[in-house]
Amino acid sequence: MINFNTQILESETHLSINNRGYAYGDALFETIKSVYGKLFFWEDHYFRLMASMRIMRMEIPMNFTMEFLEEQIQRTLESNNLQKASARIKFTVFRNEGGLYLPNDNTIGFVITTKPASDDFYLLQDDSYEVDLFKDYYVSPTLLSTLKTNNKAINVVGSIYAKENDLHNCLLLNTNKHVIEALNGNVFLVKDKTIKTPPINDGCLKGIMRKQLIEIIEKMPDYDLVEASISPFELQKADEIFMTNVIVGIRSISKYRKKVFSNEVAKILLQKLNVKVRLG
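A brief structural summary. (Residues numbered from 1 in each chain as written. Predicted model: local features only at pLDDT ≥ 70, side-chain atom pairs only at ≥ 80, totals over all residues. Heavy atoms only, no water.)

1. Comments concerning a nonpolar patch on the surface
Heads up, the rule is: A patch is a set of surface residues, each over 30% in relative accessible area and not in a salt bridge, joined within 9 Å for like charges and within 5 Å for the nonpolar side chains Val, Leu, Ile, Met, Phe, Trp and Tyr. Residue exposure ignores everything except the shown protein chains as possible cover, and the areas themselves are Shrake-Rupley values with a 1.4 Å probe. We define a salt bridge as a side-chain nitrogen of Lys or Arg found within 4 Å of a carboxyl oxygen belonging to Asp or Glu. For helices the rule is a DSSP run of H or I covering at least 4 residues; for strands it is a run of E covering at least 2, with both sets numbered from the N terminus onward.
On the surface, a cluster of nonpolar side chains totalling about 370 Å² of accessible area is made up of Tyr137, Val156, Val157 and Ile160. Residue position: tyrosine 137 is located in strand β7 (residues 130-139).

Here's what the structure looks like:
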């Protein structure tokens, strides 16, 4: 079952071919983790969505309060028997049909889909996870690149490249040849007592999990957090590299080319992250 503009419909319901999210990628989405009906970091998701809609010049309905949208998500979870389980939620907002590149108006619609997730909390995954750079195409370091829109061609092509080359993931570069993120999450690099992550103005996703970890690291007296551009040459000098998103939490990278990495800092951060989730 899906939630289409507050109506609970069968999952086989088809969107119009004129839907602007399909026709032009004129849509935004949030991927949210829920456990027994609790939405992880819901307030952060909500405010990111509102900010992104403003940047996209979408008209935000008066009833789009945090309480209203959470109610719609909970209705969708209930209709799929997922209120007492772990779930992955995708909340998509699209500009309504009409017009070509220039829309007829800026009103919006939404659809909510859910699927079961395997883990209640974030688990350490220390099996092999090899990455390399994806250099066929580059991300523009602009504000639009930081949004979760339906324009994800580089992520799709990069994922195919990773599969063809027996990689688990790839790291994306911006047009300045700086490492900005993984195909499906933000990137952190550890060297000695410094934990570094690319700044938003490099074009990386304004990730919800990125925000949580920055808040955690800033409270750790033994480590310094630095938001600065990362050169590809820094990767092989790092002690650890890990990627983050709200579904997996923290995913340690075990190998980049010939360099093998540890995951000691990732273990510490994962423990603190799960404490934050429980208390949040």
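2. A look at the sheet that holds strand β5 (residues 86-95)
Selection criterion: Strands were regarded as paired on the criterion that DSSP finds at least two bridges between them.
With antiparallel pairing, 6 strands are arranged side by side in an open sheet as β2-β1-β6-β5-β3-β4. A strand with exactly one partner marks an edge of an open sheet, and here the two such strands are β2 (7-9) and β4 (38-39). Where β5 meets strand β6 (residues 108-116), 9 bridges bridge the pair, whose relative direction is antiparallel. If you follow alanine 87 over to β6, its bridge partner there is proline 116.

3. Concerning the pairing of strand β11 (residues 194-197)
The criterion, for reference: Convention used here: a crossover is right-handed provided that the path from the first strand, over the helix, to the second strand proceeds clockwise when the strands point away from the viewer.
Of the pairings in the sheet, the one linking strand β10 (residues 186-191) to β11 comprises 3 bridges and is antiparallel in character. Paired with lysine 191 across the strands is threonine 194, a residue of β11. Following β10, the chain reverses through 2 residues before pairing antiparallel with β11; aspartate 192 in that reversal takes a positive phi of roughly 55°. In this region the chain leaves β11, passes through helix α5 (residues 208-217) and returns to the parallel neighbour strand β12 (residues 224-227); the handedness of that crossover is right-handed.

4. Details of the pattern of salt bridges
Basically, it comes down to this: Exposure classes here rest on a 1.4 Å probe applied to the protein chains alone. A residue is buried below 20% of its type maximum, exposed above 50%, and partly exposed in between.
Taken as a whole and judged by the stated rule, the model has 11 salt bridges. Residues glutamate 30 and arginine 48 are paired through a salt bridge, measuring 2.7 Å at the closest nitrogen-oxygen approach. Taken together, the positions of glutamate 30 in strand β3 (residues 27-35) and arginine 48 in helix α2 (residues 42-55) put the pair 18 residues apart, joining distant regions of the chain. Grouping residues by exposure puts glutamate 30 and arginine 48 together as buried. Residue glutamate 215 is joined to lysine 211 by a salt bridge in which the shortest nitrogen-to-oxygen separation is 2.7 Å. One end of the pair, glutamate 215, and the other, lysine 211, are both in helix α5, 4 residues apart, so they sit about a helical turn from each other. Shared partners join several salt bridges into a network, and the residues in it are Asp44, Lys211, Glu215 and Lys276.

5. Quick word on unusual backbone geometry
Located in the positive-phi region is asparagine 5, a residue other than glycine, with phi close to 55°. One can find asparagine 5 in the loop between β1 (2-4) and β2. At lysine 177, a residue that is not glycine, the phi angle is positive and equals roughly 65°. Relative to the elements of secondary structure, lysine 177 occurs in the loop between β8 (169-174) and β9 (179-182). Of the residues examined, lysine 177 reaches a relative accessible area of 42% and is grouped as partly exposed.

6. A short note on the pairing of β10
Counting buried positions along β10 yields 5 of 6 residues, so the element is predominantly enclosed. Looking at chain direction, β10 and strand β13 (residues 240-245) are connected through 5 bridges and run antiparallel. Among the inter-strand pairings, phenylalanine 188 is bridged to a residue of β13, identified as phenylalanine 242.

7. Let's talk about helix α4 (residues 153-164)
Rules: Expected span of a helix, by definition, is 1.5 Å for each gap between consecutive residues, and there is one gap fewer than residues. By construction, the arc corresponds to the directions joining the helix axis to the C-beta atoms.
In a regular helix each residue adds 1.5 Å, so 12 residues correspond to 16 Å; α4 covers 17 Å between its end C-alpha atoms and thus fits that length. Among all positions in α4, only Ile154, Asn155, Gly158 and Ala162 are buried. For α4, the buried positions fall inside an angular range of 95° around the axis, keeping them on one side. In α4, the exposed residues that point more than 90 degrees away from the buried face are Ala153, Lys163 and Glu164. Looking one or two residues beyond α4, the residue adopting positive phi is aspartate 166, at roughly 55°.

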